[in-house]
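Residues per chain, in single letters:
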Amino acid sequence: MSVGAIVPLINDFLVIKGDPALTIGAPVPEGRTKVVVLEFWATWCGPCLQSIPHLSELQRKFKDVDVTIVGATNEQDEGKIRDFVKEKDMDYTVVIDKAQTLNTKVFKPSGARGIPFAAVIVNNKIEFSGHPMDPQFEKTLNEAAAKATSTRKEPVALPLITHTYDELMQMRPKELRQILNDRGIRSVGCSEKGDFAKLILDTCVKTQYYKQE
């Protein structure tokens, strides 16, 4: 498929690494920007192997925005691919194109003549198609990622502890331990209820703690 083409809904591939519910070409909710890099590769392809570290680095770089790098192979040996992904430390999504749908609906229509071949897809529209080591590939991806919806989850404020010592002593030891655990405070050395209550007074009272959802 050429630049400007719309990628159809495709979900009949086998996910070897990544979100098993992955779908390519699915409708994108209004107000969101979703970026997918679809790279075609094979275990026997030398240039493909050279691009693996680069793609892994890019996926880590864009971990906080809606950018998914997908490596698609036509090779059907699931065990071989799983071992290869682990051996090469492929730090991005990898799928087997079981039904050859990615090949027939994206790769062939693009006019690609070999692998590795990559397409940068923004809200299901192809913005780049070509070699993943082409400088224009990363330029297009950087520009798209800058507009991608953030996936970073904001920390959630835990309830502020305002209890007095006497109020804490009325709680069960399990509840006191939970207050500390939720805030990442180790209670090593605490054996009596009073020990937990004193530690909470020393570390938690009137201090705002957060947890990451």
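Since we're looking at a predicted model, the values are computed, not measured.

This paragraph deals with the nonpolar core. Ranked by size, the top nonpolar core spans 29 residues in total, and within it Val35, Met90, Val94, Phe137 and Leu141 carry the most contacts. Put simply, the parts of the chain that give this core at least two residues each are β2 (35-40), α1 (46-61), β3 (67-73), α2 (78-87), β4 (93-96), β5 (117-122) and α4 (135-147). Apart from the residues within four sequence positions on either side, leucine 141 is in contact with Val35, Val37, Leu58, Phe62, Val67 and Val120. If you look at the next biggest cluster of nonpolar residues, it comprises 19 residues, including Val7, Val36, Leu38 and Ile126.

With that settled, the discussion passes to the sheet that holds β3. In space, the 6 strands of this open sheet follow the order β1-β4-β3-β2-β5-β6, with mixed pairing throughout. Looking along the sheet, the strands with just one partner apiece sit at the ends: β1 (14-17) and β6 (125-130). Averaged over all pairs of adjacent strands, the angle between strand axes in this sheet comes to 25°, irrespective of strand direction. Here 3 bridges tie β1 to β4, and the two strands are oriented antiparallel to one another. Along β4, the bridge assignment pairs lysine 17 with valine 94. In the packing of α2 onto the sheet, contacts are made with β1, β3 and β4, and the angle to β1 comes to roughly 30°.

Rules of the game
- Residues numbered from 1 in each chain as written.
- Predicted model: local features only at pLDDT ≥ 70, side-chain atom pairs only at ≥ 80, totals over all residues.
- Heavy atoms only, no water.
- Core = buried A, V, L, I, M, F, W, Y, C linked by side-chain atoms within 4.5 Å.
- Buried < 20%, exposed > 50% of the residue type's maximum accessible area, 1.4 Å probe, protein only.
- Helix = DSSP H or I, 4+ residues; strand = E, 2+ residues; numbered from the N terminus.
- Contact = heavy atoms within 4.5 Å.
- Pairing = 2+ DSSP bridges.
- Axes fitted to C-alpha atoms, helices over the stretch in contact; angles between N-to-C directions.

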